[in-house]
Amino acid sequence: MVGGSYTYTHSDHKPGKFMRSLAVLTIAAIGLSACATNTPQPSSEDLVYDPFEPLNRKIYGFNEGVDNIFLGPVARGYNRAVPEPARDGVTNALRNLNSPVVFVNDVLQAKPQRAAETLSRFVINSTVGLGGLIDVADKSGLEGHSEDFGQTLGYWGVPMGAYVMSPFLGPSNIRDTTGRIVDIVFDPLFWIEYNASDMLDTYIQSGRTLGTSIDTRARFDESIETLRRQPEPYTALRRAYASGRKTAIRDGKPVENPYDDLPDFDEFDDFEDLEDE
């Protein structure tokens, strides 16, 4: 197909590029996952292992500078200039584009009901919902949810590994960074190139990434400002990120029994009774 049409990467010159990309992504994911598994973990659920804290703090400062100069003002201007219904439409469309990634991770977590809901939402919103601009599925009782490969790894017991602050991308850890890499491969847009221009697919992906960043920043503007008012914003962000990811892995469910790991004190009472005898 020509013009503005697209084709999947099965022509003579395209498989090589994407197979090399896939190989690099796979190797990187395996290496990062291994690092997460072998990294020492904090002894308390309230602690986050942060061996790179001096570097992370510098990157955090850099990200804050970028946000103060560019992303924050753009997001606030977006909130002021664009009516809320239009902003909701953008959010819905971006979430709909991410549905294939959510679906794959639902399947990998062996959650058939959630996978079926994700697939149904994608079909309904992509058609009746005008490409996802209107969340018709949610109005029909099919609530959306988010899944990524970082959550999938956590679901199957892979530890979070060291906390890392990524330039532009913000807080993460070794496990979630692995997830970000793998989710790129799960995204159908990764495998599509447009015949109209060799760079058109790159422009589309870049525009989508920028749009997602502005949309997310605009939606969480108040929360970000609240976080900045904390006595130690870096530590507060680190704690909030780790806590949020743990909740996401549990699909928002509370811990069934947070005291399971405590010793049975009745055993100590029995031991004391034996000593008295």
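Remember, predicted model here, so these are calculated numbers, not experimental data. For every chain, the first residue of its written sequence is number 1, and the numbers climb from 1 along that sequence. For this predicted model, a pLDDT threshold of at least 70 governs which residues receive local features, and a threshold of 80 or more governs which side-chain atom pairs are given and counted, while totals over whole chains, interfaces and linings are taken from all residues. Note that water and hydrogens are dropped before the side-chain values are worked out from all heavy atoms of the structure.

We count a stretch as a helix when DSSP gives it H or I for four or more residues in a row; a strand needs E for two or more, and each element gets its number in order from the N terminus. Looking only at helices and strands, the protein features 12 helices and 4 strands. Burial classes: relative accessible area under 20% of the type maximum marks a residue as buried, over 50% as exposed, and values in between as partly exposed (1.4 Å probe, protein chains only). Counting across all 277 residues of the protein, residues that qualify as buried make up 35%. Intrachain contacts of the protein at a sequence separation of at least 6 include 70% that bridge at least 24 residues. The Shrake-Rupley method, run with a 1.4 Å probe, gives the accessible areas here. Residue values count only the displayed protein chains as cover. Roughly 16,800 Å² of accessible area belongs to the protein as shown, and the carbon and sulfur atoms make up 62% of that amount. Residue contacts are defined here by distance: any two heavy atoms, one from each residue, within 4.5 Å place the two residues in contact.

Attention shifts here to the confidence of the model for the protein. Parts of the prediction with low pLDDT should not have their coordinates interpreted in detail. Every residue carries a pLDDT, the predictor's confidence in it, which falls somewhere between 0 and 100. Of the residues in the protein, 75% have a pLDDT of 70 or more, and the chain-wide mean is 83. Below a pLDDT of 50 lies the segment residues 1-15, which in the model reaches 26 contacts outside its immediate sequence neighbourhood of four places, other chains included. A low-confidence stretch, residues 267-272 stays under pLDDT 50, and its non-local contacts, those more than four residues away or across chains, total 1 contact.

Here we come to the pairing of strand S3 (residues 170-173). In this analysis, strands are considered paired if DSSP registers two or more bridges between them. Across 4 bridges, the pairing between strand S2 (residues 163-166) and S3 is antiparallel. Each bridged residue has a counterpart across the sheet, and for Met165 the counterpart in S3 is Pro171. Once S2 ends, the chain turns through 3 residues before running back antiparallel as S3, passing Phe168 with a positive phi of about 70°.

In this section: the nonpolar core. In this description, a nonpolar core means a group of buried Ala, Val, Leu, Ile, Met, Phe, Trp, Tyr and Cys residues linked to one another through side-chain atoms lying within 4.5 Å. Val48, Ile59, Tyr60, Tyr163, Met165, Tyr234, Leu237, Tyr241 and Ala242 together form the largest nonpolar core, which totals 9 residues. Elements with a minimum of two residues in this core: helix H2 (53-81), S2 and helix H11 (233-249). It is H11 that contributes the most residues to this core, 4 residues altogether. Counting 5 residues, the second-largest nonpolar core is a separate cluster that includes Ala75, Tyr78, Ile214 and Ala218.

For an α-helix, the turn length of 3.6 residues means that residues three or four places apart are oriented alike. The end-to-end C-alpha separation of H11 is 24 Å, in line with the 24 Å expected for 17 residues at 1.5 Å each. Where H11 is concerned, the buried positions are Pro233, Tyr234, Thr235, Ala236, Leu237, Arg238, Tyr241, Ala242, Arg245 and Ile249. Asp251 sits one or two positions beyond H11 and adopts a positive phi of about 60°. Expected span of a helix, by definition, is 1.5 Å for each gap between consecutive residues, and there is one gap fewer than residues.

Tracing the chain through its elements places Ser126 in helix H5 (residues 112-127). Separated by 29 residues in the primary sequence, Ser126 and Leu97 have C-alpha atoms spaced 9.0 Å apart. Leaving out residues up to four positions away in the same chain, Ser126 has contacts with Asn96, Arg121, Gly131 and Gly132. A polar side-chain atom of Ser126 sits 3.0 Å from a polar atom in the side chain of Asn96. Counted as a polar contact is a pair of N or O atoms within 3.5 Å, where, for protein atoms, one must be capable of donating a hydrogen and the other of accepting one, and residues adjacent in sequence contribute only when both atoms are in side chains.

Once that is clear, we can look at the packing of aromatic side chains. Any two of the Phe, Tyr and Trp rings considered here, Trp counted by its six-membered ring, make a pair once their centres fall within 6.5 Å; the pair's planes then place it as stacked at under 30 degrees, edge-to-face at over 60, or tilted in between. In total, this model carries 7 aromatic pairs according to the counting rule given. With a centroid separation of 5.0 Å and an interplanar angle of 85°, the aromatic rings of Tyr155 and Trp156 are classed as edge-to-face. Looking at Tyr155, the relative accessible area reads 34%, which means it is partly exposed. A ring pair is formed by Phe190 and Trp191, whose centres lie 4.8 Å apart and whose planes are at 85°; its orientation type is edge-to-face. Looking at Phe190, the relative accessible area reads 15%, which means it is buried. An aromatic cluster of three or more residues is present, and its members are Tyr60, Tyr163, Tyr234 and Tyr241.

This next bit is on the environment of Gln151. Along the chain, the position of Gln151 falls in helix H7 (residues 149-155). According to the relative accessible area criterion, Gln151 is buried, its value standing at 3%. With 100 residues separating them in the primary sequence, Gln151 and Asp251 have C-alpha atoms 9.4 Å apart. With near-sequence residues (within four places) excluded, Gln151 lies in contact with Gln109, Ser146, Arg245, Ala248 and Ile249. Of the polar contacts made by the side chain of Gln151, one reaches the side chain of Glu147; its length is 2.9 Å.

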